[in-house]
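Each chain, letter by letter, is given below.
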Amino acid sequence: MPAAAVGGKLPPGRMGWPIIGEGIEFFRAGQKGVPEKFFYDRMQKYSSEIFRTSLVGEAITVLCGATGNNFLFSNERKLVTIWLPPSIKKILHSRTDHQRCSADEDETKKFRQLSNQLVKLVNVGLMDTIARRHFESNWDNKKEVTVYPLVKNYTFSLACWLILSIDDQDRVNELSKMFGTVMDGIMSIPIDLPGTKFNRAIKASKLIRKKLLSIIKQKKITLCSSSSSENIKASTHKQDLLTQMIQFTDDENNCKFMNEMEIAEKILGLLLGGHEPPTVVITAIMKYLAELPDVYNEVLREQIEIAKSKAPGELLNLDDIQKMRYSWNVACEAMRLATSSQGAFRQAITDFTYEGYFIPKGSKLYWSGVSTHKNPEYFPDPEKFNPSRFEGNGPAPFTFVPFGGGPRMCPGKDYARLEILVFMHHVVRRYKWEKLLSGDEKLRFTPLPLPAKGLPVRLQSHPHQF
Ligand code: HEM
């Protein structure tokens, strides 16, 4: 339990090499497809509850297991707050820490309120329409496809439409390319020299913010020129998150607009967080469905049942989504085995003790999903793909945490659930597929779990579309 502390024993662990710390061991375990090994080796050696290591150029204290997750989630803003490695901040943030710190608390509150609106903006029918169009343009009449880039196109197009009302594929592709460069930089060695991936990511992020600023200005003009509030209500601009941000008022209805750079940074974060993790999850689902015909058949059965209950051409609605119970269990099992967010960093905002160890103010901490998702204590026979784990009450609290927990829990969770299920509804009813690469195209955690070659598959259309 936390207690006021003035000093004491630091958690056990090893700091590894200067600067790189234990980064190579962490990276290697991910490359081999077993990121959990890094954690379990240390939990066995030092303590099953807590250990210290050195990653991303910092000493990091890892809190393990369900107890560690619960502790960090429930002490947000009491003992800990979010922390991002400086290399990621350098890519994503335009303002210095000094400029940000006074705004941070207020900004976080505003941003959370807005992000929580995200799922309210999502009309399942609209998502269904975009999904249908995506399959018609990118999958139908193809014998072979590579899953990862196509799924990325689906999730990014959805995010651009729902967040920015951008539908034009050329503009979507241009933005997607820049986001790809940003993501490559985030996953690279942070050396800021001309030509490095890291350097290119910083430039791409600047360019994205510039483009977003111009989109924001244009949107403001459009909103101002809508002469009455009735017009604004009637226009499609009311639907997107950017409009909500521009017109944002707080809970007391008395707050003015967020400033433009604040909005641009938040949109950048949402577009990045809003397409990369769902892409990884859907790609993993496609891989498991190709490998496990019984699971595929059961998902297909459920989705045919739903399709049969609808009139021809009728779009999906929320009731249909609630019926996709087995499909969601499959998605959860894919997220357990291929955790797209292995964990996240925090920083201690005060001294405290945990499990008898002293955590000084300023310490960097980490909660780790992989330390529970593959733990046989919580998930017997952990390597087995078994969607029934999620039936009934499902896993024990804080053992299955793909979206984090507490006040920082992913604000896109419900949106992600919709986009994943809508995708599954279409893909199984249209095709069966087999992996093209012989053997197992292993997921490599770099740190996102992705098939090494993007999962090329051979499609076989169902003779009668269900
Ligand atoms: C399967 C899909 C997704 C997964 C697995 C996922 C996972 C996560 C996790 C684990 C966190 C918490 C990190 C922490 O504890 O600090 C997080 C935060 C966040 N996610 Fe997601 N996410 C997904 C989809 C989305 C979507 C669709 C959006 C937006 C459209 C989104 C936007 C965000 C944002 C903005 C945050 C930061 C919240 C904050 O700092 O308060 N995510 N996500």
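Residues numbered from 1 in each chain as written. Predicted model: local features only at pLDDT ≥ 70, side-chain atom pairs only at ≥ 80, totals over all residues. Heavy atoms only, no water.

## Considerations on the confidence of the model for the protein chain
Mean pLDDT over the protein chain stands at 87; residues scoring 70 or higher make up 86%. A low-confidence stretch, residues 98-103 (pLDDT under 50), is modelled with 4 contacts involving residues beyond four sequence positions or located in other chains. This model gives residues 230-237 a pLDDT under 50, and the stretch forms 11 contacts once residues within four places in sequence are excluded. Across the interfaces of the predicted complex, the ipTM metric reaches 0.99, alongside a pTM of 0.91. (pLDDT = per-residue confidence, 0-100. Contact = heavy atoms within 4.5 Å.)

## Here we look at the UniProt feature "binding site: heme" (unreviewed entry) in the protein chain
Under the local residue numbering, the UniProt record ascribes the feature "binding site: heme" (unreviewed entry) to Cys410. Position of Cys410 relative to the elements: it lies in the loop between helix H17 (370-373) and helix H18 (413-430). (UniProt positions renumbered as here; feature names shortened; annotations may be inferred. Helix = DSSP H or I, 4+ residues; strand = E, 2+ residues; numbered from the N terminus.)

## With respect to the nonpolar core
Soluble globular proteins: nonpolar side chains tend toward being buried together. Counting 102 residues, the largest nonpolar core has Trp139 and Trp433 as the members making the most contacts within it. Here this core takes 15 residues from helix H13 (residues 260-291), the largest share from any one element. For Trp433, the contacting residues outside a window of four places in its chain are Met286, Leu289, Ala290, Tyr296, Val427, Val428, Val457, Arg458 and Leu459. Ranked by size, the runner-up nonpolar core spans 15 residues in total, among them Ile50, Phe73, Tyr357 and Trp367. (Core = buried A, V, L, I, M, F, W, Y, C linked by side-chain atoms within 4.5 Å. Buried < 20%, exposed > 50% of the residue type's maximum accessible area, 1.4 Å probe, protein only.)

## Quick look at the layout of surface pockets
Any empty space left between the atoms is revealed when a probe the size of a water molecule rolls over them. What the second largest pocket holds in volume is close to 530 Å³. Residue lining of the second largest pocket: 26 residues in total, with Trp328, Cys332, Phe390, Phe400 and Lys413 positioned closest to the centre. Looking at the lining of the second largest pocket, the element that brings in the most residues is helix H16 (residues 325-337), giving 4 residues. (1 Å grid on protein atoms, 1.4 Å probe; cavity = no way out; pocket = protein on both sides within 12 Å on 5 of 7 lines; lining within 4 Å. Points joined across faces, edges and corners; volume = space filled by probe spheres on them.)

## Some remarks on the side chain of Glu333
When you line up the elements, Glu333 lands in helix H16. Glu333 gets classed as buried once you look at its relative accessible area, which sits at 0%. Polar side-chain contacts of Glu333 include one of 2.8 Å to the side chain of Arg336. Setting aside residues no more than four positions away along its own chain, Glu333 makes contact with Lys384, Phe385, Asn386, Pro387, Arg389 and Phe390. (Polar contact = N/O pair within 3.5 Å; in protein donor to acceptor, adjacent residues only side chain to side chain.)

## Section: the sheet that holds strand E4 (residues 144-146)
The sheet built from 3 strands is open, its strands ordered E4-E12-E9 with antiparallel pairing. The open sheet has two free edges, formed respectively by E4 and strand E9 (431-435), since each of these has just one partner strand. Sheet twist, expressed as the mean angle between neighbouring strand axes with direction ignored, is 35°. Bridge analysis of E9 against strand E12 (residues 456-461) gives 5 bridges, and the strand direction is antiparallel. Bridge pairing in E12 places Lys432 opposite Gln460. Sitting on the sheet, H18 touches E9 and E12, and the angle it makes with E9 is about 85°. (Pairing = 2+ DSSP bridges. Axes fitted to C-alpha atoms, helices over the stretch in contact; angles between N-to-C directions.)

## Some details on the pairing of E12
Of the pairings in the sheet, the one linking E4 to E12 comprises 3 bridges and is antiparallel in character. Among the inter-strand pairings, Val145 is bridged to a residue of E12, identified as Val457.

## Notes on the packing of helix H1 (residues 23-31) against helix H2 (residues 35-45)
Remark: H1 packs on H2, axes separated minimally by 5 Å, with the N-to-C direction vectors making an angle of 130°. Between H1 and H2, the interaxial angle falls into the category oblique. Contact residues: H1 offers Glu25, Phe26, Ala29 and Gly30, while H2 offers Pro35, Lys37, Phe38, Phe39 and Arg42. Of the residues belonging to the contact of H1 with H2, the class tally is 5 nonpolar, 1 polar and 3 charged. (Parallel < 35°, antiparallel > 145°, perpendicular 65-115°, else oblique. Nonpolar A, V, L, I, M, F, W, Y, C, P; charged D, E, K, R; others polar.)

## Points about the sheet that holds strand E5 (residues 343-348)
Here we have 5 strands laid out as an open sheet, ordered E1-E2-E8-E5-E3, and mixed in their pairing. Among the strands making up the open sheet, the edge pair consists of strand E1 (50-55) and strand E3 (80-82). With strand direction ignored, the average angle separating the axes of adjacent strands in the sheet is 40°. Sheet topology note: the E1/strand E2 (residues 58-63) ladder contains 6 bridges and is antiparallel. Bridging across to E2, Arg52 finds its partner in Thr61. Sheet strands in contact with helix H3 (residues 65-74) are E2, E3 and strand E8 (364-368), and its direction is about 125° off that of E8.

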